[in-house]
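# Observations on the model geometry
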Amino acid sequence: MQLIAAYVEGLTFAMNANGAFNLSPYDAFLAANGLPRQPNSGESDQAYTTRLRTALDKLTSPVFILDDGETQTFEFHSQPFNFGEQELRGLRVFLARQPGGPRLSSGVGNCAACHAAPHFTDFKVHNTGVNQFEYDALHGDGSFAALAIPSLAARNADYNAYLPATPNHPLASERFRAVADADDASLTDLGVWNVYATPDLPGPQTRLKTFLCDVAPGTDCGSIDDDSLLTRAIASFKTPGLRDLGHSGPYMHNGAFETIEAAVRFYRDASEMARGATLRNADPRLDDIALNADDIADLTAFLKALNEDYE
């Protein structure tokens with residue numbers, strides 16, 4: 001375990017002496033255009049991302065990054081070291097939010113709501129619908145929405161029937177932390193639901209409660225009970241970082257998508273289901289996504305520009 005921990009702790013991205021990421025085409029683009037590259041002292045990632053969005057809006061003559069085959073080139077990615085017009089369009093879509101007035105029908109990724117720069121993750125948990133898509137593909141549309149999931153009291157009263165195995169419960173079924181199976185509709189992975197308010201896992205509960213309260217921004221954690229938060233935990237998983245996706249496929253917690261483009265396309269489909277109230281426990285941030293085919297191509301190009309060769 002210590003060796004694994006040492007290895008994982010060593011998986012860091014390159015930064016300059018000031019602590020700014022510096023080896024991806026995206027980072028080179030920010031530097032070339034004098035755009036803010038990291039939060040100020042005491043500034044949150046979301047506040048920094050808003051500041052970056054404002055600075056981009058004022059950028060009228062962008063300096064693009066082109067692979068020169070020498071100092072700006074990739075050794076370990078099969079793509080040019082570029083940040084051009086398409087990548088910039090993708091960045092704008094990535095950062096775009098729905099306006100206060102009439103809704104936009106395209107050009108809005110709302111990605112930064114959960115993947116704020118510069119780390120491109122909020123380190124929290126969300127349900128994007130990946131698990132429902134997997135389950136319904138095996139059991140039919142609407143199957144996951146109809147799946148019987150016990151309340152907090154019922155779950156904890158029969159630990160072995162529902163929860164993952166622990167030293168205190170070595171024979172637990174783990175039915176809700178399983179790979180979906182076409183031959184057994186009782187199996188699926190409910191993610192954080194398996195951990196929140198679980199008596200055998202007291203350590204992460206305070207942090208998880210904060211995360212689940214944040215699913216609906218502005219919620220007073222003191223006013224919501226554990227049973228309601230457990231419902232919010234259904235099929236929720238940790239937000240991954242988006243840097244160097246070229247070395248981390250397949251994508252999503254279950255490896256559902258082979259390509260970045262397929263993963264982006266999934267968010268368009270999930271957002272449509274969320275707005276149609278057919279996505280169980282959908283994160284409300286999905287509602288504001290609005291993408292067309294061009295947006296998907298541009299977003300994919302931008303995400304590839306977050307690749308880097310490790311220093």
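The paragraphs below set out a description of the structure included in this document.

Rules of the game
- Residues numbered from 1 in each chain as written.
- Predicted model: local features only at pLDDT ≥ 70, side-chain atom pairs only at ≥ 80, totals over all residues.
- Heavy atoms only, no water.
- Salt bridge = Lys/Arg side-chain N within 4 Å of Asp/Glu carboxyl O.
- Helix = DSSP H or I, 4+ residues; strand = E, 2+ residues; numbered from the N terminus.
- Buried < 20%, exposed > 50% of the residue type's maximum accessible area, 1.4 Å probe, protein only.
- Contact = heavy atoms within 4.5 Å.
- Axes fitted to C-alpha atoms, helices over the stretch in contact; angles between N-to-C directions.
- Parallel < 35°, antiparallel > 145°, perpendicular 65-115°, else oblique.
- Left-handed = near helix turned anticlockwise from the far one by under 90°.
- Expected span 1.5 Å × (residues − 1).
- Polar contact = N/O pair within 3.5 Å; in protein donor to acceptor, adjacent residues only side chain to side chain.
- Nonpolar A, V, L, I, M, F, W, Y, C, P; charged D, E, K, R; others polar.
- Phe/Tyr/Trp six-rings, centres within 6.5 Å; stacked < 30°, edge-to-face > 60°.
- Lys NZ or Arg CZ within 6 Å of the ring centre and 35° of its normal.

## Observations regarding the pattern of salt bridges
Per the stated rule, a full pass over the model turns up 10 salt bridges. Among the salt bridges present, the one from aspartate 288 reaches arginine 103, with a minimum N-O distance of 3.3 Å. Highlighted residues: aspartate 288 in the loop between helix H11 (260-275) and helix H12 (293-304) and arginine 103 in the loop between helix H4 (85-95) and strand S1 (125-126), separated in sequence by 185 residues. Bridged by salt links that share partners, the residues Lys124, Asp214, Asp283 and Arg285 form one connected network.

## Some words on the side chain of glutamine 205
Within the fold, glutamine 205 resides in helix H9 (residues 205-213). By relative accessible area, which is 16% here, glutamine 205 ends up buried. The residues contacting glutamine 205, other than those within four sequence positions of it, are Val195, Tyr196, Ala197 and Thr198.

## Observations regarding the packing of helix H2 (residues 25-32) against helix H3 (residues 45-57)
Interhelical geometry of H2 versus H3 gives an angle of 60 degrees and a closest axis separation of 12 Å. Between H2 and H3, the interaxial angle falls into the category oblique. For H2 against H3, the interelement crossing comes out left-handed. Contacts between H2 and H3 involve Tyr26, Phe29 and Leu30 from the former and Tyr48, Leu52 and Leu56 from the latter.

## Some points on H12
Over its 12 residues, H12 runs 17 Å from end to end, which matches the ideal 16 Å to within 8%, given 1.5 Å per residue. Turning to H12, its buried residues number three or more, namely Asp295, Ile296, Asp298, Leu299, Thr300, Ala301, Phe302 and Leu303. Next to the buried residues of H12 lie H2, H4 and H11. At the N-terminal end of H12, a side-chain oxygen is found 3.1 Å from the backbone nitrogen of aspartate 294, two or three residues along, and the residue is asparagine 292.

## Thoughts on the packing of helix H5 (residues 130-139) against H11
The geometry of H5 relative to H11 is characterised by a closest axis approach of 11 Å and an angle of 90 degrees between their N-to-C directions. One finds that H5 runs roughly perpendicular with respect to H11. Here Val130, Gln132 and Phe133 of H5 come into contact with H11, specifically with Phe266, Asp269, Ala270 and Met273. Among the residues forming the contact of H5 with H11, the class breakdown is five nonpolar, one polar and one charged.

## Focus on the packing of aromatic side chains
Under the defined criterion, the tally for this structure stands at 16 aromatic pairs. Measuring from ring centre to ring centre gives 4.3 Å for phenylalanine 29 and phenylalanine 83, while their planes differ by 20 degrees; the resulting arrangement is stacked. With a gap of 54 residues between them, phenylalanine 29 in helix H2 and phenylalanine 83 in the loop between H3 and H4 connect regions that are remote in the sequence. For the pair phenylalanine 29 and phenylalanine 83, one class covers both residues: buried. Centroid distance phenylalanine 83 to phenylalanine 302: 6.5 Å. Interplanar angle 85 degrees. Geometry classified as edge-to-face. Taken together, the positions of phenylalanine 83 in the loop between H3 and H4 and phenylalanine 302 in helix H12 put the pair 219 residues apart, joining distant regions of the chain. The class of phenylalanine 302 is buried, set by a relative accessible area of 0%. Taken together, Tyr26, Phe29, Phe64, Phe83, Phe94, Phe120 and Phe302 form an aromatic cluster joined through their ring pairs. When the ring centre of tryptophan 193 is taken as reference, the NZ or CZ atom of arginine 155 above it lies at 5.1 Å. Above the plane of the ring of phenylalanine 144 lies arginine 280, whose end atom (NZ or CZ) is 5.8 Å from the centre.

Just distances and angles here, no functional claims.
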